[in-house]
Amino acid sequence: MARRRIIAGNWKMNMTPSQAVALCAELKDLVVNDAVDVVYCVPAIDIVPVVEAVKGTNVHVGAENFYIEDKGAYTGEISAPMLKDAGVEYVIIGHSERREYFKEDDAFLNKKVKKALEAGITPILCCGESLEQREMGVTMDWIRFQIKSDLVGVTADQVKTIVIAYEPIWAIGTGKTATSDQAQEVCKGIRDCIAEMYDDATAAAVRIQYGGSMNAGNAKELLAKEDIDGGLIGGASLKAEFGSVVNA
Ligand code: PGA
C-alpha cells in the first residue's frame, strides 16, 4: 500500500505573526507538490494569520502544543477544540523539547494523543533516543516503550491516521543527522512495533517521519528509505530550503 508522503515544518518558538505571514509568502511557490502533504506547525499566536496566509494553497496548518482539557479554568492554555476551530489539522505531540523542558511524560502524552484524535486533529507523535541511550544499545527498547505508552487505548483505525516522527535527540538542531540506514532501522522498528500491537494493515498504513537536522542536502537519501514516509523539519523549515526538502 502506498503511503502518502508528509513533510512538516516545526517552526518552534520562532516567527512573530508578521514574520510568519512573510515566510508563508516566501515559501508559497517553493512548496508546491501534489504528491506530498505539506504542513507548517506554528506557534499558537501564528495559527490564525498562517491559516489565512495559506488559504487556497497546498499547505496544511499544524500546532505545536495544546492542553488536554476541552475548556475551563486553565489560565494560559489552549484546547484541541480551539485549534480545530481555528483550522488546525495536525499537532505535534511528545517532541523531545516538551518532554525535557516541560516535563511531559508518556502518561500525559497518551492523553494528548487521545484528545487530539477526539477533536479531529492528526497527532504527529514524536519519539527518539538520547545519545547516551544509543551508546548503551537501548534505542529500540526505549522507542518501543514510548510508542506503546503513548498509544494505550488508541484503536487500530485511529493509529492508521496518525503520523509518528522518529527524532533522535542527538540529531535535533545539532547538524548531526542519523545516517539513512540508522533512520531506516528505527523507522522499521517502529512499524514492526505497531504490527505487534495491532496488525500488519495498521503498520502498513501509519506514516513515519524522520526528524533531526534534515535539510536539502540529506532529505533525498533519507526519503528514499522504505519505512521513511516524510520528515519533521526544524531549522530548515524557516527558509527557502524547505521547498527543496518538500521536492526531494
Ligand atoms: P531540526 O529540528 O531539523 O532543527 O534538527 C527537528 C525537530 O526538532 O523537529
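Predicted model, so just to flag it, every value in this text is computed and none were measured. (Residues numbered from 1 in each chain as written. Predicted model: local features only at pLDDT ≥ 70, side-chain atom pairs only at ≥ 80, totals over all residues. Heavy atoms only, no water.)

**Side note on the packing of helix H7 (residues 139-150) against helix H9 (residues 180-197)**
Closest axis-to-axis distance for the H7/H9 pair is 10 Å, and the angle between their directions is 45 degrees. Accordingly, the angle class assigned to the pair H7 and H9 is oblique. Our pair here, H7 against H9, has a crossing hand that is right-handed. Note on element contacts: H9 touches H7 through Val186, Gly189, Ile190, Cys193, Ile194, Glu196 and Met197, opposite Thr139, Met140, Ile143, Arg144, Ile147 and Lys148. Looking at the contact of H7 with H9 residue by residue, the class counts come to eight nonpolar, two polar and three charged. (Axes fitted to C-alpha atoms, helices over the stretch in contact; angles between N-to-C directions. Helix = DSSP H or I, 4+ residues; strand = E, 2+ residues; numbered from the N terminus. Parallel < 35°, antiparallel > 145°, perpendicular 65-115°, else oblique. Left-handed = near helix turned anticlockwise from the far one by under 90°. Contact = heavy atoms within 4.5 Å. Nonpolar A, V, L, I, M, F, W, Y, C, P; charged D, E, K, R; others polar.)

**Some remarks on the sheet that holds strand S7 (residues 207-211)**
Within the closed barrel, the eight strands sit side by side as S1-S2-S3-S4-S5-S6-S7-S8. Their pairing is parallel. Across the sheet, the mean angle from the axis of one strand to that of its neighbour is 25 degrees, orientation sign disregarded. Of the pairings in the sheet, the one linking strand S6 (residues 163-166) to S7 comprises four bridges and is parallel in character. The residue bridging tyrosine 166 from the neighbouring strand is tyrosine 210, located in S7. Where H7 meets the sheet, it contacts strand S5 (122-127) and S6, and its direction lies at approximately 150 degrees from that of S5. (Pairing = 2+ DSSP bridges.)

**Topic: the packing of aromatic side chains**
Taken as a whole and assessed by the stated rule, the structure comprises six aromatic pairs. Consider the rings of tryptophan 142 and phenylalanine 145, whose centres lie 5.7 Å apart with planes at 25 degrees: the pair is stacked. On the criterion of helical spacing, the pair formed by tryptophan 142 and phenylalanine 145 is a turn pair, its members being three residues apart in helix H7. On the numbers, 6.2 Å between centres and 65 degrees between planes, the contact of tyrosine 166 with tyrosine 210 is edge-to-face. Taken as a pair, tyrosine 166 in strand S6 and tyrosine 210 in strand S7 lie far apart in primary sequence, 44 residues in all. Each member of the pair tyrosine 166 and tyrosine 210 is classed as buried. Feature note: the residues Trp11, Tyr40 and Phe242 constitute an aromatic cluster, connected by ring pairs. The aromatic ring of phenylalanine 102 is capped on one face by arginine 98, whose charged end is 4.1 Å from the ring centroid. (Phe/Tyr/Trp six-rings, centres within 6.5 Å; stacked < 30°, edge-to-face > 60°. Buried < 20%, exposed > 50% of the residue type's maximum accessible area, 1.4 Å probe, protein only. Lys NZ or Arg CZ within 6 Å of the ring centre and 35° of its normal.)

**Overview of the layout of surface pockets**
When its volume is computed, the largest pocket comes out at roughly 550 Å³. Along the wall of the largest pocket there are 25 residues; nearest its centre are Glu64, Asn65, Phe66, Arg98 and Phe102. Those elements giving two or more residues to the lining of the largest pocket turn out to be helix H4 (96-101) and helix H5 (106-119). Of the residues forming the lining of the largest pocket, the biggest block, three residues, is contributed by H4. (1 Å grid on protein atoms, 1.4 Å probe; cavity = no way out; pocket = protein on both sides within 12 Å on 5 of 7 lines; lining within 4 Å. Points joined across faces, edges and corners; volume = space filled by probe spheres on them.)

**Description of the site of the ligand**
By nearness alone, 13 residues border the ligand, and Lys12, His95, Glu167, Gly173 and Ser213 come closest of all. Contact between the ligand and glycine 173: an oxygen atom at 2.7 Å from a main-chain N or O atom of the residue. One of the backbone nitrogen or oxygen atoms of serine 213 is found 2.7 Å away from an oxygen atom of the ligand. When the ligand sits alone it has 290 Å² of accessible area, and the protein chains cover 95% of it. Judged by its atoms lying within 2 Å of the grid points, the ligand is housed in the second largest pocket. Here the residues of the shell around the ligand sort into four nonpolar, seven polar and two charged. (Near = heavy atom within 4 Å. Polar contact = N/O pair within 3.5 Å; in protein donor to acceptor, adjacent residues only side chain to side chain. Areas by Shrake-Rupley, 256 points an atom, 1.4 Å probe, with all protein chains shown as cover. Sits in = over half its atoms within 2 Å of the grid points.)

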